[in-house]
Amino acid sequence: MFGAFRSTLVALGGLTRKRIFRLTPMQKLRQRRRLRGVDDVIAKLEESKVKLHVLDLAKKMPKESEMPASEKYWVESKRYRYGVKPMDFVPRWTKTPHPRQWKAGIVHEPKFGERDQ
């Protein structure tokens, strides 16, 4: 229709692509399966008695069953509220590796005296 009653994106509800700020139960299930798959690969490499520096680092990481939900489904980000964002907000989040342990102090804060200089 034309004129005052034409259907525009604003008239139909504003934003056309709304993103939920949390993962759906199926996304969480698939993420847990991916983490368990990585744990299985690490366990099989340990059984094979292969000596790798990367394997030593991987042994120190917590397993999927030991991780809290905040580490499984959220990633740290300087630009989001409280310093974290949902994992599915990361581009190609199913293909990229994510840290299993966050560093101390998730929220980005300038070092002491950095602003004064």
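Placed above this text is the structure.
Residues numbered from 1 in each chain as written. Predicted model: local features only at pLDDT ≥ 70, side-chain atom pairs only at ≥ 80, totals over all residues. Heavy atoms only, no water.

J.: Where do I start with the overall build of the protein chain in this structure?
T.: Along the protein chain, the regular secondary structure elements total three helices and two strands. For the protein chain, the sequential pattern of α-helices and β-strands runs α-α-α-β-β. For the protein chain, buried positions account for 23% of its 117 residues. Restricting to contacts in the protein chain with at least 6 residues of sequence separation, those with at least 24 account for 60%. When the accessible area of the protein chain is evaluated, it comes to approximately 10100 Å², of which 57% is carbon and sulfur surface. (Helix = DSSP H or I, 4+ residues; strand = E, 2+ residues; numbered from the N terminus. Buried < 20%, exposed > 50% of the residue type's maximum accessible area, 1.4 Å probe, protein only. Contact = heavy atoms within 4.5 Å. Areas by Shrake-Rupley, 256 points an atom, 1.4 Å probe, with all protein chains shown as cover.)

J.: Explain the packing of aromatic side chains here, please?
T.: Each aromatic ring pair is summarised here by two numbers: the centre-to-centre distance and the angle between the ring planes. By the definition in use, this model includes four aromatic pairs. Taking 6.3 Å as the distance between ring centres and 25 degrees as the angle between the ring planes, the aromatic pair formed by F21 and Y80 counts as stacked. Of this pair, F21 sits in the segment before α1 (25-47) while Y80 is found in the loop between β1 (74-76) and β2 (84-86), placing the two residues 59 residues apart along the sequence. When its relative accessible area of 40% is taken as the criterion, F21 is described as partly exposed. The class for Y80 is partly exposed, based on a relative accessible area of 31%. When the ring of Y80 is compared with that of F89, the centres are 6.0 Å apart and the planes differ by 80 degrees; the resulting orientation is edge-to-face. Overall, the relative accessible area of 17% leaves F89 in the buried class. (Phe/Tyr/Trp six-rings, centres within 6.5 Å; stacked < 30°, edge-to-face > 60°.)

J.: Would you mind going over the pattern of salt bridges with me for this structure?
T.: Close approach of charged atoms allows side chains with opposite charge to pair. Taken as a whole, this structure holds two salt bridges when the rule is applied. Among the ionic pairs, K72 bridges to E64, the shortest N-O distance being 2.9 Å. In this pair, the class of K72 matches that of E64, namely buried. If you follow the salt bridges from partner to partner, you end up with R36, E64 and K72 in one network. (Salt bridge = Lys/Arg side-chain N within 4 Å of Asp/Glu carboxyl O.)

J.: Teacher, can you tell me more about the layout of surface pockets here?
T.: One water molecule sets the probe size; rolling that probe over the atoms shows where empty space is left. The calculated volume of the largest pocket comes to roughly 280 Å³. In this structure, the largest pocket is lined by 17 residues; those nearest its centre are L35, V38, T96, P97 and H98. Elements with a contribution of two residues or more to the lining of the largest pocket: α1 and α3 (69-73). For the lining of the largest pocket, the element with the highest residue contribution is α1, accounting for four residues. (1 Å grid on protein atoms, 1.4 Å probe; cavity = no way out; pocket = protein on both sides within 12 Å on 5 of 7 lines; lining within 4 Å. Points joined across faces, edges and corners; volume = space filled by probe spheres on them.)

J.: Where do I start with a nonpolar patch on the surface in this structure?
T.: Side chains of V41, L45, V50, L52 and V54 sit close together on the surface and give an oily, nonpolar patch of about 410 Å² of accessible area. Along the chain, V50 turns up in the loop between α1 and α2 (53-60). (Patch = residues over 30% accessible without salt bridge, like charges linked within 9 Å, V, L, I, M, F, W, Y side chains within 5 Å.)

J.: Help me out: how do you make sense of the side chain of E64 in this one?
T.: The residue E64 is located in the loop between α2 and α3 in this model. Judged by its relative accessible area of 6%, E64 falls in the buried class. If near-sequence neighbours (up to four positions away) are discounted, E64 is found in contact with R32, L35, R36, D39, K72 and R100.

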